[in-house]
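Listed here are the chains, written in short residue letters.
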Amino acid sequence: DMARSNAYYPVPGEIIDEDKTLTSNRGFYNTKLKIFNYKENVVIKHPKYTIKTDSLEYNANSKLAVFKTITTIEGKGNEMI
């Protein structure tokens, strides 16, 4: 919906970055604010850690992620990062 500056995927999606992969059941993106919202079964896999949550907001400008619900972070060798 470009008139409202929003993009949306209503089915499971996958985003691949250099060394990490994010999957979620649904996702939203505000093109003006550059804010992503991932919903339902959000998993980020990186060689050093895995993050599991149900709701994540990511600001592409500031590079900050905000977890909106209970989140599990597991590191290699069961270390907490």
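Residues numbered from 1 in each chain as written. Predicted model: local features only at pLDDT ≥ 70, side-chain atom pairs only at ≥ 80, totals over all residues. Heavy atoms only, no water.

Caption draft 1: Broad picture of the nonpolar core. Counting residues in each nonpolar core, the largest one holds six residues, listed as L22, Y38, V42, I44, I51 and L56. If you list the elements that add at least two residues to this core, you get strand 5 (35–46) and strand 6 (49–59). When residues of this core are assigned to their parent elements, the largest contribution, three residues, is made by strand 5. Dropping the residues within four chain positions of it, I44 is found in contact with K20, T21, L22, Y49, T50, I51 and L56. (Core = buried A, V, L, I, M, F, W, Y, C linked by side-chain atoms within 4.5 Å. Buried < 20%, exposed > 50% of the residue type's maximum accessible area, 1.4 Å probe, protein only. Helix = DSSP H or I, 4+ residues; strand = E, 2+ residues; numbered from the N terminus. Contact = heavy atoms within 4.5 Å.)

Caption draft 2: Focus on the pairing of strand 3 (residues 21–24). A one-sided burial pattern is seen for strand 3, the buried positions being L22 and S24 and the unburied ones T21 and T23. As judged from the four bridges shared by strand 2 (residues 13–16) and strand 3, these two strands associate in the antiparallel manner. When the bridges of strand 3 are listed, I15 appears paired with L22. Remark: four residues form the turn of the hairpin made by strand 2 and strand 3, two consecutive strands paired antiparallel. In this structure, strand 3 lies alongside strand 5, joined through three bridges in antiparallel fashion. In the sheet register, T23 faces strand 5, and the bridge partner there is V43. (Pairing = 2+ DSSP bridges.)

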